[in-house]
Amino acid sequence: MASDLRKRPGSRVLLGIALFAGTLASVCGGGLLADFALDLLGVGSPMVRLGVKVLSMAAALPAGFYLVERAFLARSSPTSRKRPGP
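Everything in this summary refers to the structure shown in the same document. (Residues numbered from 1 in each chain as written. Predicted model: local features only at pLDDT ≥ 70, side-chain atom pairs only at ≥ 80, totals over all residues. Heavy atoms only, no water.)

**Overview of the overall build of the chain**
Looking only at helices and strands, the chain features 2 helices and 0 strands. Burial statistics for the chain: of 86 residues in total, 15% are counted as buried. Long-range pairs, those at least 24 residues apart, make up 72% of the contacts in the chain between residues at least 6 apart in sequence. Of the roughly 6800 Å² that the chain leaves accessible, carbon and sulfur atoms contribute 73%. (Helix = DSSP H or I, 4+ residues; strand = E, 2+ residues; numbered from the N terminus. Buried < 20%, exposed > 50% of the residue type's maximum accessible area, 1.4 Å probe, protein only. Contact = heavy atoms within 4.5 Å. Areas by Shrake-Rupley, 256 points an atom, 1.4 Å probe, with all protein chains shown as cover.)

**Description of the packing of helix α1 (residues 11–41) against helix α2 (residues 46–76)**
The interhelical angle for the contact between α1 and α2, taken along N-to-C directions, is 145 degrees, at an axis separation of 7 Å. By crossing handedness, the relation of α1 to α2 is classed as right-handed. Of the residues assigned to the contact of α1 with α2, the class counts are 14 nonpolar, 8 polar and 5 charged. (Axes fitted to C-alpha atoms, helices over the stretch in contact; angles between N-to-C directions. Left-handed = near helix turned anticlockwise from the far one by under 90°. Nonpolar A, V, L, I, M, F, W, Y, C, P; charged D, E, K, R; others polar.)

**Some details on the side chain of S26**
Along the chain, S26 falls in helix α1. Assessed through its relative accessible area of 9%, S26 is described here as buried. For S26, the residues in contact, after removing those within four places along its chain, are A60, L61 and G64.

**Description of the side chain of R49**
Relative to the helices and strands, R49 is located in helix α2. The buried category is assigned to R49, whose relative accessible area is 17%. When neighbours within four sequence positions are excluded, R49 is seen to be in contact with D35, L38, D39, V43 and G44.

**Regarding the pattern of salt bridges**
With the rule as written, the count across this model stands at 3 salt bridges. The partner of D35 in a salt bridge is R49, and the shortest N-O contact between them spans 2.5 Å. Remark: R49 occurs in helix α2 and D35 occurs in helix α1; sequence separation between them is 14 residues. Exposure remark for D35: the relative accessible area of 24% places this residue in the partly exposed category. For the salt bridge of D39 with R49, the shortest nitrogen-to-oxygen distance reads 2.9 Å. Taken together, the positions of D39 in helix α1 and R49 in helix α2 put the pair 10 residues apart, joining distant regions of the chain. What you see here is one network of salt bridges that share partners, running through D35, D39, R49 and K53. (Salt bridge = Lys/Arg side-chain N within 4 Å of Asp/Glu carboxyl O.)

See the structure below:
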């Protein structure tokens, strides 16, 4: 039973790498989506474009953290581990 509670080796490093990549992807994705939406709407003001991009990047950050967290919770849950049969 104690062996089931043991952490996997390298899981903290992998979590750190995944959080960094998720943060980078969410910031880039938020900026790209905002840029695309502003192009579709025909917004030409640089200040408005910058403000909307900053807001969309800030809104996309929690989504990136949430997705990484869900992936690691699914990875570490006891039901996802394959146990050898009898």
